[in-house]
Amino acid sequence: MTLAAIVLAVAALSVWLDRHRDRTAGLAGSSDVNDRDRTRVRNDLRYLT
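Every value quoted in this text rests on a predicted model; they were computed, and no experiment measured them. (Residues numbered from 1 in each chain as written. Predicted model: local features only at pLDDT ≥ 70, side-chain atom pairs only at ≥ 80, totals over all residues. Heavy atoms only, no water.)

Caption draft 1: Expanded view of the overall build of the chain. Each helix and strand in the chain was counted, giving two helices and zero strands. In the chain, buried positions account for 2% of the 49 residues. Here the chain displays about 4,800 Å² of accessible surface, and carbon together with sulfur accounts for 62% of that area. (Helix = DSSP H or I, 4+ residues; strand = E, 2+ residues; numbered from the N terminus. Buried < 20%, exposed > 50% of the residue type's maximum accessible area, 1.4 Å probe, protein only. Areas by Shrake-Rupley, 256 points an atom, 1.4 Å probe, with all protein chains shown as cover.)

Caption draft 2: How the structure looks around the pattern of salt bridges. Counted by the stated rule, this structure contains one salt bridge. Ionic pairing is found between Arg40 and Asp44, a salt bridge with its closest N-O pair at 3.6 Å. Taken together, the residues Arg40 and Asp44, both in helix 2 (residues 36–48) and four residues apart, mark about one turn of the helix. Residue Arg40 is classed as partly exposed on the basis of its relative accessible area, which comes to 46%. (Salt bridge = Lys/Arg side-chain N within 4 Å of Asp/Glu carboxyl O.)

Caption draft 3: Expanded view of a nonpolar patch on the surface. A contiguous nonpolar surface patch, about 490 Å² in accessible area, is contributed by Val41, Leu45, Tyr47 and Leu48. With respect to the helices, strands and loops of the structure, Leu48 is situated in helix 2. (Patch = residues over 30% accessible without salt bridge, like charges linked within 9 Å, V, L, I, M, F, W, Y side chains within 5 Å.)

Here it is in structure tokens:
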């Protein structure tokens, strides 16, 4: 019974983390192949030098 409770808890945690990851996937920067944040920073630094 304890094993079943542990498996259920791990499964619930896995589902919750997966939903949380999907909801916040686009907020951590650009998700493009060409990273727009890196390009912007590089252009800003090029302007300063």
